Amino acid sequence: MKRRLKLKKGFKITIFLIIVLSLGAVIGINKYKEYLYHQTYEYKLLEHGYSMDDIKIIQSNWHTNEEIEFYLNNPVNNNYIKLMQEKYYLKKNYQQYIEYMKDNPKLDLNTIVRNINIHYNEEYYTTDFKTDSSLEELMLVNKYYSLDSDYEPTDLVSISSKYAWGEPGSKKVKSNVLDAFIEMWEAAKEDGYYLMINSAYRPYKDQEIIYNNYKAKQGQKYADSIAAHPGHSEHQTGLCLDIFSKTNSNKQTFGDSEAAAWLKNNSYKYGFILRYPEDPNINVTGFTYEAWHFRYVGKEAAKYIYENNIIFEEYYAYFIEK
Ligand code: ZN
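Each value, and the rule that gives it
Residues numbered from 1 in each chain as written. Predicted model: local features only at pLDDT ≥ 70, side-chain atom pairs only at ≥ 80, totals over all residues. Heavy atoms only, no water. Helix = DSSP H or I, 4+ residues; strand = E, 2+ residues; numbered from the N terminus. Rg over C-alpha atoms; globule rule 2.2 N^0.38 Å. Buried < 20%, exposed > 50% of the residue type's maximum accessible area, 1.4 Å probe, protein only. Contact = heavy atoms within 4.5 Å. Lys, Arg positive; Asp, Glu negative; His and termini not counted. Charge placed at Lys NZ, Arg CZ, Asp CG, Glu CD. Patch = residues over 30% accessible without salt bridge, like charges linked within 9 Å, V, L, I, M, F, W, Y side chains within 5 Å. Areas by Shrake-Rupley, 256 points an atom, 1.4 Å probe, with all protein chains shown as cover. Salt bridge = Lys/Arg side-chain N within 4 Å of Asp/Glu carboxyl O. Phe/Tyr/Trp six-rings, centres within 6.5 Å; stacked < 30°, edge-to-face > 60°. Lys NZ or Arg CZ within 6 Å of the ring centre and 35° of its normal. Donors = N, O, S within 2.8 Å, 3.2 Å for Na, K, Ca; no water. Polar contact = N/O pair within 3.5 Å; in protein donor to acceptor, adjacent residues only side chain to side chain. Core = buried A, V, L, I, M, F, W, Y, C linked by side-chain atoms within 4.5 Å. Pairing = 2+ DSSP bridges. Axes fitted to C-alpha atoms, helices over the stretch in contact; angles between N-to-C directions.

A. Highlighting the overall build of the protein. What the protein contains, in helices and strands, is 12 helices and 8 strands. Its C-alpha radius of gyration of 32 Å places the protein more than 25% over the 20 Å reference for a compact globule of 322 residues. Along the three orthogonal principal directions, the C-alpha set of the protein runs to about 130 × 45 × 35 Å. Expressed as a percentage of the 322 residues in the protein, the buried residues total 43%. Across the protein, the fraction of contacts at a sequence separation of at least 24, relative to all contacts at a separation of at least 6, is 62%. Separation between the mean location of the 39 positive side-chain charges and that of the 43 negative ones in the protein comes to 15 Å.

B. Layout of a nonpolar patch on the surface. On the surface, a nonpolar cluster with roughly 500 Å² of combined accessible area is contributed by Phe11, Ile15, Ile19, Leu23 and Ile27. Secondary-structure assignment places Ile15 in helix H1 (residues 2-38).

C. Spatial organisation of the packing of aromatic side chains. Counted by the stated rule, this structure contains 29 aromatic pairs. With a centroid separation of 6.3 Å and 20 degrees between ring planes, the pair formed by Tyr32 and Tyr35 is classed as stacked. In this pair, Tyr32 and Tyr35 both sit in helix H1, 3 residues apart, roughly one turn of the helix. Geometrically, the ring pair formed by Phe70 and Tyr94 is edge-to-face, given 6.0 Å between the ring centres and 85 degrees between the ring planes. One end of the pair, Phe70, is in helix H4 (residues 65-72); the other, Tyr94, is in helix H6 (residues 94-103), with 24 residues separating them in the sequence. Tyr94 gets classed as buried once you look at its relative accessible area, which sits at 1%. Among the aromatic side chains, those forming a connected cluster through ring pairs are Tyr88, Phe129, Tyr145, Tyr304, Phe312, Tyr315, Tyr316, Tyr318 and Phe319. Here the guanidinium or amino end of Lys143 rests over the ring plane of Tyr124, the centre of that ring lying 4.9 Å away.

D. Focus on the coordination of the zinc ion. Summarising the metal site, the zinc ion is bound by the protein donors His235 (NE2), Asp242 (OD) and His293 (ND1), whose distances to it range over 2.1 Å. Here the donor residues of the zinc ion share one chain and are spaced in sequence as H-x6-D-x50-H. Of this pair, Asp242 sits in strand E6 (residues 240-245) while His293 sits in strand E8 (residues 293-296), and the two are 51 residues apart along the sequence. When sorted by exposure, Asp242 lands in the same class as His293, which is buried.

E. Expanded view of helix H7 (residues 109-117). The buried count for H7 comes to 8 of 9 residues, which makes it a mostly enclosed element. Looking at H7, one finds that the buried residues are Leu109, Thr111, Ile112, Val113, Arg114, Asn115, Ile116 and Asn117. Looking at the packing, one finds that the buried side of H7 touches helix H5 (78-84), H6 and helix H12 (312-321). Two or three places before Asn110, at the opening of H7, Asp108 has a side-chain oxygen 3.2 Å from that residue's backbone nitrogen. Count one or two residues on from H7 and you reach His119, which has phi positive near 70 degrees.

F. Spatial organisation of the nonpolar core. Core analysis: the largest hydrophobic core is formed by 40 residues, its most contacted members being Tyr71, Leu83, Met84, Tyr94 and Tyr97. The set of elements that each furnish at least two residues to this core consists of helix H2 (41-48), helix H3 (52-61), H4, H5, H6, H7, helix H11 (299-308) and H12. Looking at this core element by element, the count peaks at 5 residues for H6. Apart from the residues within four sequence positions on either side, Leu83 is in contact with Tyr89, Tyr94, Tyr97, Ile98, Met101, Leu109, Ile112 and Val113.

G. Spatial organisation of the sheet that holds E8. Strand order across the open sheet formed by 4 strands is E5-E6-E8-E7, with antiparallel pairing between neighbours. The open sheet has two edge strands, strand E5 (195-199) and strand E7 (272-274), and neither has a second partner. Direction aside, neighbouring strands of the sheet carry axes that sit 40 degrees apart on average. Packing against the sheet, helix H8 (residues 175-190) makes contact with E5, E6, E7 and E8, and its axis sits at approximately 145 degrees to E5.

H. Fine view of unusual backbone geometry. Non-glycine residue Asp128 carries a positive phi angle of around 60 degrees. With respect to the element layout, Asp128 can be found in the loop between H7 and strand E1 (129-130).

I. Quick peek at H4. Here H4 has its buried residues at Ile68, Phe70, Tyr71 and Leu72. Residues of H4 that are buried in the fold lie against H2, H3, H5 and H6.

J. Main features of the pattern of salt bridges. One pass over the full model with this rule turns up 11 salt bridges. Across the pair Lys91 and Glu67 runs a salt bridge whose closest N-O atoms are separated by 3.4 Å. Placement of Lys91 in the loop between H5 and H6 and of Glu67 in helix H4 is noted, with a sequence separation of 24 residues between them. Given a relative accessible area of 32%, Lys91 falls into the partly exposed group. Taking relative accessible area as the criterion, Glu67 reaches 22% and is therefore assigned partly exposed. Between Arg275 and Glu313 there is a salt bridge, with its nearest N and O atoms 2.8 Å apart. With Arg275 in the loop between E7 and E8 and Glu313 in helix H12, this pair connects stretches of sequence that are 38 residues apart. Salt bridges linked by common partners bring Glu234, Arg275, Arg295 and Glu313 together as one network.

If you want it as structure tokens, here you go:
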């Protein structure tokens, strides 16, 4: 009898101990899980003041711990989140966007993203980025990106005097660009406009002469406002044409002509873009409005640039350079 009681008591104690230990284990595991969760960036960002939606955006755009620490080391700022939702946002430029935002508090986020993507925050002719000429019709040449002095395009062909002014055969352009131009020329003619080319491929040394002449006569400031430094002119690519109409070759008035309007709205169908547009909001190409300067970029890029009303630099930064 006594023994049975003892056994019962022992059994009860064992059960009790098992329950206590199990509970302890469950609590311990939960505490440990909580401890682990508190170490995560999700928890830290929530504690810092960001919402779960914000955190999802942060996490989908950021990968390294160092990058997420940035949010914890700075006060909560909704612009940081909105920035990542900008159409042309590039992750690699994030720190630069933030710096630029601080320096230019009046600029909207769209402008901040654009200016940084296209290096507009840098002084002209100070970056010395090399143009990747292997990109062919998508290569970028501007006041930041330059071609070497010995760069010459392949497949240059002479333009017939039917399409170009000057000494017959003296003007050259890349053969695929001439094909595209002739297709456009025919379409323009159908609509009543007779297009004429005033300038096409220009070798490095010619650009050097042009620039140095302006510089010698009217000083560097004036020269910079009117001509590109050698190596920085798109005409060296063999992808550019200065196009006027037979009845108007005047740089002052051509922009107001019907032919210019036709070119502006139809050239993309043939792979050309109005490279230096008039709209002051997008006049960040480094060149003032040139109603006659058309650049061949191929039909796909030209269509996108036209339909989205962006400049080639923006397209290049987002789709090519990345
Ligand atoms: Zn030009």
